[in-house]
Amino acid sequence: MAFWFTEKQTENLELNLRVRESLLVERTPFQQLAVLDTYLYGRMLVLDGAVQTTEEDEFVYHEMITHVPLITHPQPQEVLVIGGGDGGTVREIVKHPEVKRVRLVEIDERVVAAARQFLPGLSQGLDDPRAEVIITDGAEYVRAMRGACDVIIVDSTDPVGPAVKLFEADFYRAVYDALTPEGLFVAQSKSPYLDRALIRNLLDIIRSLFPVTLLYTAAIPTYPSGFWSFVLGSKMHHPLTFDERRAEKLDTRYYSPEIHRAAFILPRQIRGDLFQGE
Ligand code: AG3
């Protein structure tokens, strides 16, 4: 008998993956959590029915959400991750020798526990001596920080449940204040094909705060449309001016200095729509 997991990505679009085994299904105080073993993509973390990451394609997302901002900053020492309880982003951050401390603020401790049990390839990063896991509300946590972080990475779910406020102006004002004068942040911002209105709204918020506001993309097969985006807001450093040698040295599978540049080149129609006159 064949078992299939279905993510209802939009009203009119579903993704189906054949499942070998269901490893964990539970209701946490925040969301529905599942880890499924799929034939095509290996083990997969699912939150509220949405694929968060799979063993086979997680490297694309985690490398791109991490190395683009960390290479853009000339000396990233203090890094903060909001969400990302699976540990994949922290695993990439600790590849940077400049990093002195990385704090991961995850609202749901069950996500961290599930990753430690079933996704050790991702959660291994959390064992680095520079890493600290803090279980609390990320939006509240950032609000209490002032000028303390070089880089902030918002590795959240889509704007449903606890993540809704991570897509609002108040949160980005707090992110701005939590950064040093040379600081920058990156947040996952869904699909440029399916979520243009959400991206436009985020870019408007970020433009009103940060002098450098850009969007970059990556090909992620298990996310809706397979074409994903990240918004970047920077107080000073421009992502297209970076140290190629530092970027070249990283041990990666998707990210490279060439990909770093190319990721900011948007298809003509998307660029015209989101960056008119720029
Ligand atoms: N966070 C972004 C997942 C978004 C996927 N959306 C969807 N499937 N509808 C991933 C967290 C990985 N550390």
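Residues numbered from 1 in each chain as written. Predicted model: local features only at pLDDT ≥ 70, side-chain atom pairs only at ≥ 80, totals over all residues. Heavy atoms only, no water.

**Considerations on the pattern of salt bridges**
And step 1. Enumeration according to the criterion identifies 20 salt bridges in this entry.
And step 2. Among the ionic pairs, Arg101 bridges to Glu132, the shortest N-O distance being 3.7 Å. Here Arg101 is found in strand E7 (residues 101-106), whereas its partner Glu132 is found in strand E8 (residues 131-135), with 31 residues between them in sequence.
And step 3. The partner of Asp243 in a salt bridge is Arg245, with the nearest N and O atoms 3.8 Å apart.
And step 4. Residue Asp243 is classed as partly exposed on the basis of its relative accessible area of 30%. (Salt bridge = Lys/Arg side-chain N within 4 Å of Asp/Glu carboxyl O. Helix = DSSP H or I, 4+ residues; strand = E, 2+ residues; numbered from the N terminus. Buried < 20%, exposed > 50% of the residue type's maximum accessible area, 1.4 Å probe, protein only.)

**As for the domain arrangement of the protein**
And step 1. By the assigned domains, the protein splits into domain 1 (3-54) and domain 2 (58-274).
And step 2. Taking the mean C-alpha position of each, domain 1 and domain 2 sit 23 Å from one another.
And step 3. Taken together, the contact between domain 1 and domain 2 spans 21 residues of the former and 20 residues of the latter.
And step 4. Taken over both partners, the interface formed by domain 1 and domain 2 buries close to 1900 Å², and the fraction arising from carbon and sulfur atoms is 65%.
And step 5. Area buried by domain 1 at its contact with domain 2 is led by Phe30, Arg43 and Thr53, which between them contribute 24% of it. (Domains from an automatic or database assignment. Contact = heavy atoms within 4.5 Å. Buried area = accessible area lost by both parts, 1.4 Å probe.)

**Notes on the sheet that holds strand E1 (residues 3-10)**
And step 1. Taking strand neighbours across the sheet as the criterion, the five strands line up as E1-E2-E3-E4-E5 in an open arrangement whose pairing is antiparallel. Only two strands of the sheet have a single partner each, and these edge strands are E1 and strand E5 (50-54). Geometrically, the sheet is characterised by an average inter-axis angle of 45° between neighbouring strands, direction not taken into account.
And step 2. Direction of pairing for strand E4 (residues 42-47) relative to E5: antiparallel, over a ladder of four bridges. Residue pairing across strands places Met44 opposite Thr54, the latter belonging to E5.
And step 3. Taken strand by strand, helix H3 (residues 109-118) contacts strand E2 (13-27), strand E3 (32-38) and E4, and its axis lies near 20° from that of E3. (Pairing = 2+ DSSP bridges. Axes fitted to C-alpha atoms, helices over the stretch in contact; angles between N-to-C directions.)

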